Structures are given as structure tokens and as C-alpha cells.
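Fold and contact review
The chain contents come next:
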Amino acid sequence: MRRGVAAPSIPFRLSPHNRAAAGPVPGPPFPLPLRPPGLRLPPGGRARAPMEEPLALHPVKLYVYDLSKGMARRLSPLMLGKQLDGIWHTSIIVHKDEFFYGSGGISSCAPGGTLLGPPDSVVDLGNTEVTEEIFLEYLSSLGESMFRGESYNLFEHNCNTFSNEVAQFLTGRKIPSYITDLPAEVLATPFGQALRPLLDSVQIQPPGGNTFSRHNGQS
């Protein structure tokens, strides 16, 4: 070979036979990091971040009051020709407070804190992930739209309408139909039809609650 002329480089490849003879390829000179705890490798091998912590769950209950204090059960067969178990007022219990609707708008109090006293029955509506802050904002919007005090109507837009609306917002569940169907049952009777002009003017606002306001939740 002439001096001063570099020899051409020839790429070196191991044939399958020579590769086997050469033995295993040495590993890296440092340990590979272990997969961090909480990371999962789904199909495809890409690591996913740990799942977010689940939101806190808050119990939601329906308080049911019989405004007739048992008289509807005794007198409805004579007056209406059918049995009614009660004249129902309801409220929603969530975030440690009781919320209800009446002729004064949306109100709140401590559970059982109105002059109606303790409820006649309690219905468990499940749990909600809705935080207190979001819920109060939601109530404020309802109080300025659908559930203003002047919108109250004993048969068509009452406390049970409110409870049903809020229950679905919080849990996706409706309140029991025996409560929401009561006005239609009364109006389906001749006595109910005769009394409707008088009853339409009746407004119910259980005393003891605090009227809701937009800025601080309640006043």
C-alpha cells in the first residue's frame, strides 16, 4: 500500500453465525431506572400519569313534611272521594343545610330549622360530587330565573318542583312521584276543581328560613 493513502473503511457486520459466537451484547454501564410507582404501561408502551384523586362525595337527602299534619289522610276520602296520605312540602338537604322554595323565593336553614320542625320522612337521594361553591352559584342562578318568589304557584310551580329540579342537578334522580303527582290528583276531583280558584292564591313559605341572595349565599 502506498504511503499517504488511507485504506478504505469497510463496515463490519456480524453474520448470524459470528453474532452467536461473539456472545451476548454487554448491557449499559449503569442501571436503568425503574418505572415510577403509579405509572401504568398500556398497550403500546406509553406511560400514563397516575389517575386523579376522585372528587369528594356529599350526601343528598329529601325532607318530606305533611303540611296537613295527618288531616289529609283522615278527611280526603270524604272531601275528595279518594285517599291522600298528606299534603307534601319538601326540601333538599346537602352541604349540611336545608334548601327549599316558597312564595318568598329560595330559602335555607339548618336541617329541620323551620317552624315545621323535623320531617315526617327522609328520602335518601344518593351522593353528589357538586361542591358547595358550585351549588350556591347554581341556586343563585335559579333564584334569579325559574324560582323567583313571584313565580310560585301552589299547583304548578311549588316547593316540590324546586326539590325535583335540584335533585336531578345534584344526583340525576327525581324525587318520588307520589309527591310530584299530588297536585294532579287533587285537581282530578270535583272538589279540587271547585276549590282551585281559591287554592291558586294560596302561597306557602315555611317560616324560619333565610332568603337566598347572590353575594353571600343567604341573607
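The structure under discussion appears in the preceding block.
Residues numbered from 1 in each chain as written. Predicted model: local features only at pLDDT ≥ 70, side-chain atom pairs only at ≥ 80, totals over all residues. Heavy atoms only, no water.

1. What to know about the overall build of the chain
For the chain, the count of helices and strands is seven helices and six strands. In the chain, which comprises 219 residues, the share counted as buried stands at 32%. Here the analysis covers contacts within the chain between residues at least 6 apart in sequence; of these, 70% occur between residues at least 24 apart. Accessible surface, the chain as shown: approximately 14300 Å² in total, 59% of it carbon and sulfur. (Helix = DSSP H or I, 4+ residues; strand = E, 2+ residues; numbered from the N terminus. Buried < 20%, exposed > 50% of the residue type's maximum accessible area, 1.4 Å probe, protein only. Contact = heavy atoms within 4.5 Å. Areas by Shrake-Rupley, 256 points an atom, 1.4 Å probe, with all protein chains shown as cover.)

2. Here we look at the pairing of strand S1 (residues 58-66)
Pairing of S1 with strand S5 (residues 121-128) involves seven bridges; the strand directions are antiparallel. Bridge assignment links histidine 58 to a residue of S5, and that residue is threonine 128. Of the strand pairs in this sheet, S1 and strand S2 (residues 88-94) are connected by six bridges, and their pairing is antiparallel. Directly across from lysine 61, in S2, lies its bridge partner isoleucine 93. (Pairing = 2+ DSSP bridges.)

3. Description of the side chain of serine 163
Within the secondary structure layout, serine 163 lies in helix H4 (residues 159-171). The exposure class of serine 163 is buried, given its relative accessible area of 0%. Within the structure, the side chain of serine 163 is placed 2.8 Å from the side chain of threonine 90, a separation counted as a polar contact. Those residues in contact with serine 163 that sit more than four places away from it in its chain are Leu62, Thr90, Ser91, Ile92 and Ile175. (Polar contact = N/O pair within 3.5 Å; in protein donor to acceptor, adjacent residues only side chain to side chain.)

4. Side note on a nonpolar patch on the surface
A cluster of nonpolar side chains, contributed by Met71, Leu75, Leu78, Met79 and Phe191, occupies part of the molecular surface with about 480 Å² of accessible area. Considering each element in turn, the nonpolar patch owes the most residues, four residues, to helix H2 (residues 71-79). With respect to the helices and strands, leucine 78 occurs in helix H2. On the basis of relative accessible area, leucine 78 is assigned to the exposed category, the value being 74%. (Patch = residues over 30% accessible without salt bridge, like charges linked within 9 Å, V, L, I, M, F, W, Y side chains within 5 Å. Salt bridge = Lys/Arg side-chain N within 4 Å of Asp/Glu carboxyl O.)

5. Some words on the sheet that holds strand S4 (residues 105-109)
Whenever strands of a sheet pair, they do so through backbone hydrogen bonds, lying parallel or antiparallel. The six strands are arranged S5-S1-S2-S3-S4-S6 in an open sheet whose pairing can be described as antiparallel. For this open sheet the edge positions go to S5 and strand S6 (210-211), each flanked by a neighbour on one side alone. As paired strands, S2 and strand S3 (residues 97-102) are joined by three bridges and run antiparallel to one another. Bridged to valine 94 within S3 is aspartate 97. Running over the sheet, H4 touches S1, S2, S3, S4 and S5 and is turned about 30° from S2. (Axes fitted to C-alpha atoms, helices over the stretch in contact; angles between N-to-C directions.)

6. What about the side chain of asparagine 160?
Its location among the elements puts asparagine 160 in helix H4. A polar contact is formed between the side chain of asparagine 160 and the side chain of threonine 90, at a distance of 2.7 Å. When near neighbours in sequence (up to four residues on either side) are disregarded, asparagine 160 contacts Trp88, His89, Thr90, Ile175 and Ile179.

7. Notes on the pairing of S2
Across a regular strand the side chains alternate sides, sitting on one face of the sheet and then on the other. Counted residue by residue, S2 has seven buried out of seven residues, so it is predominantly covered. Side chains Trp88, Thr90, Ile92 and Val94 of S2 all project onto a buried face; the interleaved residues His89, Ser91 and Ile93 project onto the opposite face, where all are buried too. Counting the residues in the hairpin turn of S2 and S3 gives two residues, including histidine 95, whose phi is positive at 50°.

8. Some points on the packing of helix H3 (residues 132-143) against H4
The contact between H3 and H4 brings their axes to 12 Å, and the two run at 145°. Every pair of crossing elements has a handedness; the one defined by H3 and H4 is right-handed. Of the residues in H4, those touching H3 at Phe135, Tyr138, Leu139 and Leu142 are Phe162, Glu165, Val166, Phe169 and Leu170. Residues that form the contact of H3 with H4 fall into these classes: eight nonpolar, no polar and one charged. (Left-handed = near helix turned anticlockwise from the far one by under 90°. Nonpolar A, V, L, I, M, F, W, Y, C, P; charged D, E, K, R; others polar.)

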